[in-house]
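Chain by chain, the residues run as shown.
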Amino acid sequence: IDNFFAENKQSGTFKVQLGYGKTYVIMLWADCTNDNYTVTWDDKDINACKVAIADTGALVSQDDSADAFFAKVEVLVSDAAPAPINMTRPFAQINVCTDDYADAVTRGFTATQTSMKVNAYTSLNLFSGEVGDKQDITFALKPIPTGDDAKMPIEGKEWKRIAMNYVFAPEA
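The model shown is predicted, which means the values in this text are computed figures rather than measured ones.

Student: Just to check I follow, could you spell out the side chain of asparagine 165 for this structure?
Tutor: The topology assignment puts asparagine 165 in strand E11 (residues 157–168). For asparagine 165, a relative accessible area of 1% gives the class buried. A distance of 3.5 Å separates polar atoms of two side chains, one belonging to asparagine 165 and the other to serine 61. The contacts of asparagine 165, once residues within four sequence positions are left out, are Val60, Ser61, Gln62, Ala92, Gln93, Ile94, Met116 and Phe139.

Quick look at the structure:
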């Protein structure tokens, strides 16, 4: 459903008529409108439903539009009240932080942008939850975060985040 979640909205409701006493597999994928994913919904082979990075060459660091969520549940239609479906992030969020950035700047450090190269998965099977198509990915240069976007509290200490990226990760 396009534009299902309004900006900053954490939940939504949709209704669909299903047959009583039947069991259904429901797969959901929620992402940003202008993201870099290709979603394949295959109505003949449920195992072929997947999402993949459309263009690994277009990835950039610090890109919140790369965040997304998915879920797969089996539902038996009965008289019971509808149950919420919780979607999860299929990614590892990689944050690179430092606690001495200001000191480094006073000593002549002049970097204003970061990039990241990782060997990571580029697809997710929406039915099985398995990741695949591992390859080297380079996230292009993007300005180092500033202000509140750069603050990363870790164990009671505030660190400066200098890079952040999302990569598909296998279930733990």
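Student: Just checking my understanding: could you explain the layout of surface pockets for this structure?
Tutor: Which parts of space are left empty comes out when a probe the size of a water molecule is rolled across the atoms. In this structure, the second largest pocket occupies an estimated 250 Å³ of space. Within the residue set of the lining of the second largest pocket, elements represented by two or more residues are strand E5 (91–98) and E11. Here the lining of the second largest pocket gets three residues from one element, more than from any other, and that element is E11.

Student: What's the story with the nonpolar core in this structure? I'm lost.
Tutor: If you look at soluble globular proteins, the nonpolar side chains tend to sit buried side by side. Grouped together as the largest cluster of nonpolar side chains are 24 residues, with contacts concentrated most on Trp29, Tyr37, Leu124, Leu126 and Phe168. Put simply, the parts of the chain that give this core at least two residues each are strand E1 (23–31), strand E3 (50–53), strand E4 (68–76), strand E6 (113–120), strand E9 (135–143) and E11. Once residues within four sequence positions are removed from consideration, tyrosine 37 is found in contact with Trp29, Asp31, Val51, Ala52, Ile53, Ala54, Ala66, Phe91 and Phe168.

Student: So what exactly am I meant to see when it comes to the sheet that holds strand E8 (residues 131–132) here?
Tutor: Strands in a sheet are paired, the pairing made by backbone hydrogen bonds, and the direction either parallel or antiparallel. Here four strands make up an open sheet; going across it, the order is E2-E3-E7-E8 and the pairing antiparallel. Each of the sheet's edge strands pairs with one partner strand only, and the pair in question is strand E2 (37–40) and E8. Looking at chain direction, strand E7 (residues 123–125) and E8 are connected through two bridges and run antiparallel. Of the residues in E8, the one forming a bridge with serine 123 is glycine 132.

Student: Any chance you could explain the pattern of salt bridges here in plain terms?
Tutor: Side chains that differ in sign of charge can pair as their charged atoms come close. According to the stated counting rule, one finds six salt bridges in the structure shown. Measuring nitrogen to oxygen at the nearest pair gives 4.0 Å for the salt bridge that ties aspartate 43 to lysine 44. On the basis of relative accessible area, aspartate 43 is assigned to the exposed category, the value being 73%. Among the residues examined, lysine 44 registers a relative accessible area of 75% and is labelled exposed. Taking the shortest distance from any N to any O, the salt bridge between aspartate 99 and lysine 157 comes out at 2.5 Å. With a gap of 58 residues between them, aspartate 99 in the loop between E5 and helix H1 (101–106) and lysine 157 in strand E11 connect regions that are remote in the sequence.

What counts, and where the lines are drawn
- Residues numbered from 1 in each chain as written.
- Predicted model: local features only at pLDDT ≥ 70, side-chain atom pairs only at ≥ 80, totals over all residues.
- Heavy atoms only, no water.
- Helix = DSSP H or I, 4+ residues; strand = E, 2+ residues; numbered from the N terminus.
- Buried < 20%, exposed > 50% of the residue type's maximum accessible area, 1.4 Å probe, protein only.
- Polar contact = N/O pair within 3.5 Å; in protein donor to acceptor, adjacent residues only side chain to side chain.
- Contact = heavy atoms within 4.5 Å.
- 1 Å grid on protein atoms, 1.4 Å probe; cavity = no way out; pocket = protein on both sides within 12 Å on 5 of 7 lines; lining within 4 Å.
- Points joined across faces, edges and corners; volume = space filled by probe spheres on them.
- Core = buried A, V, L, I, M, F, W, Y, C linked by side-chain atoms within 4.5 Å.
- Pairing = 2+ DSSP bridges.
- Salt bridge = Lys/Arg side-chain N within 4 Å of Asp/Glu carboxyl O.

In short, shape yes, function no, at least from these values alone.
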